[in-house]
Amino acid sequence: GDSVTQTEGQVTVSESKSLIINCTYSATSIGYPNLFWYVRYPGEGLQLLLKVITAGQKGSSRGFEATYNKEATSFHLQKASVQESDSAVYYCAPLSGSFNKLTFGAGTRLAVCP
Amino acid sequence: DMKVTQMPRYLIKRMGENVLLECGQDMSHETMYWYRQDPGLGLQLIYISYDVDSNSEGDIPKGYRVSRKKREHFSLILDSAKTNQTSVYFCASSFGGGSSQNTLYFGAGTRLSVL
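To keep things clear, this report deals only with the structure shown in the data block. Here the structure is a predicted model, which is why all the values come from computation and not from measurement. Along each chain, numbering runs from 1 in the same order as the chain's sequence is written. Chain letters and ligand numbers both follow the written order, the letters beginning at A and the numbers at 1. Local features in a predicted model are, by the rule used here, given only for residues with pLDDT of at least 70; side-chain atom pairs are given and counted only at 80 or more, and totals for whole chains, interfaces and linings are based on all residues. Calculation of side-chain values draws on the structure's entire complement of heavy atoms; hydrogens and water are dropped beforehand.

Moving on, we come to the pairing of strand β5 (residues 44–51) of chain B. All names here are of chain B. At least two bridges found by DSSP between two strands are what make those strands a pair. Strands are runs of DSSP state E lasting at least two residues, helices are runs of H or I lasting at least four, and both sets are numbered from the N terminus onward. Sheet topology note: the strand β4 (residues 31–37)/β5 ladder contains five bridges and is antiparallel. Across the sheet, R36 pairs through a bridge with Q44, a residue of β5. The hairpin formed by β4 and β5 contains six residues between the paired strands, and G40 there has a positive phi angle of roughly 80 degrees. Where β5 lies against strand β6 (residues 54–57), four bridges are found, and the strand directions are antiparallel. From the neighbouring strand, D51 faces β6, where its bridge partner is S54.

Another point: the side chain of R36 of chain B. Structurally, R36 of chain B is set in strand β4. As used in this structure description, the phrase polar contact means that two N or O atoms lie within 3.5 Å; if the pair is within protein, one of them must be able to donate a hydrogen and the other to accept it, and residues adjacent in sequence are counted only when both atoms belong to side chains. Within the structure, the side chain of R36 of chain B is placed 2.8 Å from the side chain of Y64 of chain B, a separation counted as a polar contact.

The next point concerns the interface of chain A and chain B. Contact definition: two residues touch when any of their heavy atoms are within 4.5 Å. Contacts between the two partners involve 21 residues from chain A, matched on the other side by 25 residues from chain B. What gets called buried area is simply the loss in accessible area from a 1.4 Å probe that two parts show on being joined, summed for both. Across the interface of chain A and chain B, roughly 1,800 Å² is buried in total on both sides, 55% from carbon and sulfur atoms. Basic side-chain nitrogens of Lys or Arg form a salt bridge, by our definition, when they fall within 4 Å of a carboxyl oxygen of Asp or Glu. Scanning the region where chain A abuts chain B turns up zero salt bridges. The tally of links between chain A and chain B comes to three residue pairs in polar contact (both at pLDDT 80 or more). Looking at the side of chain A that touches chain B, the elements with two or more residues in it are β5 (34–40), β6 (47–52) and β10 (88–95) of chain A. A total of four residues in the side of chain A that touches chain B trace back to one element, the largest contributor, which is β5 of chain A. Here the residues of the side of chain A that touches chain B sort into 12 nonpolar, five polar and four charged. The residue classification treats Ala, Val, Leu, Ile, Met, Phe, Trp, Tyr, Cys and Pro as nonpolar and Asp, Glu, Lys and Arg as charged. All others, Gly included, are polar.

Residue and element names in this part refer to chain A. The five strands are arranged β2-β11-β10-β5-β6 in an open sheet whose pairing can be described as mixed. Each edge of the sheet is formed by a strand with only one pairing partner; in this case those strands are β2 (10–14) and β6. Within the sheet, the average angular offset between the axes of one strand and its neighbour, ignoring direction, is 25 degrees. Pairing analysis gives five bridges linking β2 to strand β11 (residues 108–113), with the strands arranged parallel. Note on β11: the bridge partner recorded for Q10 is R109. Interaxial angles span 0 to 180 degrees and are taken between N-to-C directions of axes, which are lines fitted to C-alpha atoms, for helices over the stretch in contact.

A covalent bond between the sulfur atoms of two cysteines is what we call a disulfide. Residues and elements named next belong to chain A. Note that a disulfide, as used here, is simply two cysteine sulfur atoms within 2.5 Å. For the structure shown, the criterion picks out two disulfides over all chains. Between C23 and C92 runs a disulfide, and the two sulfur atoms are separated by 1.9 Å. Looking down the S-S bond of the C23 and C92 bridge, the torsion is -65 degrees, so its handedness is left-handed. Here the residue C23 occupies a position in strand β4 (residues 23–25), and C92 occupies one in strand β10, the gap between them amounting to 69 residues.

The next point concerns the pattern of salt bridges. Under the defined criterion, the tally for this structure stands at six salt bridges over all chains. The partner of D86 of chain A in a salt bridge is K79 of chain A, and the shortest N-O contact between them spans 2.7 Å. Of the two residues, D86 of chain A and K79 of chain A, both sit in the buried class. Here R65 of chain B ties to D79 of chain B by a salt bridge, and the two come within 2.6 Å at their closest N and O atoms. One end of the pair, R65 of chain B, is in strand β7 (residues 65–70); the other, D79 of chain B, is in the loop between β8 (73–78) and β9 (87–94), and 14 residues separate them in sequence. The buried label goes to any residue with under 20% of its type's maximum accessible area, the exposed label to any with over 50%, and the partly exposed label to all in between, with areas taken from a 1.4 Å probe on protein chains only.

Pasting the structure below:
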């Protein structure tokens, strides 16, 4: 079946430092290339951070970027300079061929230290 | 206001008791979902509802049932809860039709503990 692997557990970064959260997915089960990053801030539900629907494209939002690398089956999330307000749980979610069937990674908790 | 509301936020039940988790949305979305998330795992899809009384099993429907009598409400029911149903449950909604265009909107989650 579909599977997603992203950076495990918690990542701690100092404010203004760079961030990368890795995400790879199993290519054989992905019907067509739609890739999403969702974010869950404390006390809130998951919300869409960014999405890319074409291989080679880059998505961006709130200073975060992710490029869909079809050859490497990766969709890493990056930010050049994190802020304390970025502290949240980030979920990588490729879309399978089924109607709106997202496969979610386990989530990566980002803690930004002042 | 584009909101998905889950009630209750926290719930403790004993094994064998019935559990009702409620979800509401104010966006008139056709499609609604129930997911659960366990430590170290991604969100797992329990059920999808495409509209009133139009529900389909997701990846892990065993031990659960759902009810959707109004477009804005979607309930998850555990008849005789089991300890392995201890989890965080998320409800979500989206517009129907298409896939890449349809952002999912999530509730804040219900943390259920079955003792």
